[in-house]
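Notes for the structure review
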Amino acid sequence: AKGNVNGALQAYRDVISVLSTSDDIDHHTRDVKMAIAMRDIADLSQAQGNLQVALNHALGSVDLLRRLRTQSGNTMNIDNSSEDERSQIEEEVSSLHLVGSIQHELCQPLAAQHSFREATLLVHTSLSNFVSNSTTDTGKLAAILLPVLEISTTLSNPSCAPEA
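Read on for a plain summary of the structure.

Bringing the pattern of salt bridges into the picture now. According to the stated counting rule, one finds four salt bridges in the structure shown. The partner of Asp63 in a salt bridge is Arg66, with the nearest N and O atoms 3.2 Å apart. Remark: Arg66 and Asp63 occur in helix α3 (residues 51-71); sequence separation between them is three residues, near one turn of the helix. Residue Asp63 is classed as partly exposed on the basis of its relative accessible area, which comes to 40%. Look at Arg66 and you get partly exposed, because its relative accessible area is 26%. Of the charged contacts in the structure, one is a salt bridge between Arg66 and Glu118, with a shortest N-O distance of 2.5 Å. Highlighted residues: Arg66 in helix α3 and Glu118 in helix α6 (residues 109-133), separated in sequence by 52 residues. Since its relative accessible area comes to 23%, Glu118 is described here as partly exposed. Linked through salt bridges whose partners overlap, the residues forming this network are Asp63, Arg66 and Glu118.

To continue, consider the packing of helix α2 (residues 27-48) against α3. Look at α2 against α3: their axes get within 8 Å of each other, and the N-to-C directions meet at 160 degrees. With respect to each other, α2 and α3 are oriented roughly antiparallel. Between α2 and α3 the crossing geometry is left-handed. Facing His28, Asp31, Val32, Met34, Ala35, Met38, Arg39, Ile41, Ala42, Ser45 and Gln46 of α2, the residues of α3 in contact are Leu51, Val53, Ala54, His57, Ala58, Gly60, Ser61, Leu64, Leu65 and Leu68. Grouping the constituent residues of the contact of α2 with α3 by class yields 13 nonpolar, six polar and two charged.

Definitions and limits used
Per chain, residues are indexed from 1 in the order of the written sequence. In keeping with the predicted nature of the model, local features appear solely for residues at pLDDT of at least 70, side-chain atom pairs appear and are counted solely at 80 or more, and the whole-chain, interface and lining totals rest on all residues. Side-chain metrics rest on all non-hydrogen atoms present in the structure, leaving aside hydrogens and water. Salt bridge, as used here: a side-chain nitrogen of Lys or Arg that lies within 4 Å of a carboxyl oxygen of Asp or Glu. Put simply, DSSP marks the helices as runs of H or I at least four residues long and the strands as runs of E at least two long, and each gets a number from the N terminus on. Here the term buried applies to any residue with accessible area under 20% of the maximum for its type, exposed to any over 50%, and partly exposed to those in between, with areas from a 1.4 Å probe on protein chains only. Here an angle of 0 to 180 degrees is reported between the N-to-C directions of two axes, which are lines fitted to C-alpha atoms, with helices fitted over the stretch in contact. Any angle from 65 to 115 degrees is called roughly perpendicular, while one under 35 is roughly parallel, one over 145 is roughly antiparallel, and all others are oblique. Helix crossings get a hand from a simple test, with the near helix turned counterclockwise from the far one by less than a right angle marking a left-handed crossing and a clockwise turn marking a right-handed one. Should any heavy atoms of two residues lie within 4.5 Å, those residues are counted as being in contact. Residues are grouped as follows: nonpolar covers Ala, Val, Leu, Ile, Met, Phe, Trp, Tyr, Cys and Pro; charged covers Asp, Glu, Lys and Arg; every other residue, Gly included, is treated as polar.

Structure follows, in structure tokens:
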């Protein structure tokens, strides 16, 4: 990897430090941004070969996003939610995919398969909830989440995941 990976890692740690002490941003937005920064740290650590550090940060990202989702009642009202809130499902799924990828690299195929299945279930459940609870056209949401569901489903298949 070209570039200053260590400098990028330090920059993300600084971002997390600032976000964790800032009162200028609402709690929900701050936590989403922290989870994304944690996932980026995990991605960079994975690129450096620091797989256990990468896994710890990726799991932290998933845990933070999961906590936010469950605090909001496990479903979001699409009619009242912003683009950022709707993309929170995508962010959690991306973090779950990274966890599964790292687990495969760590020779933990069953744990990886579990992470990919969790991502599939999250997308499927979210699509079902949005369709059944929404009074507006959910075409845009489906266009975003259906490809994510297809990827997650493919990854959760034990014979396909290592190839993907």
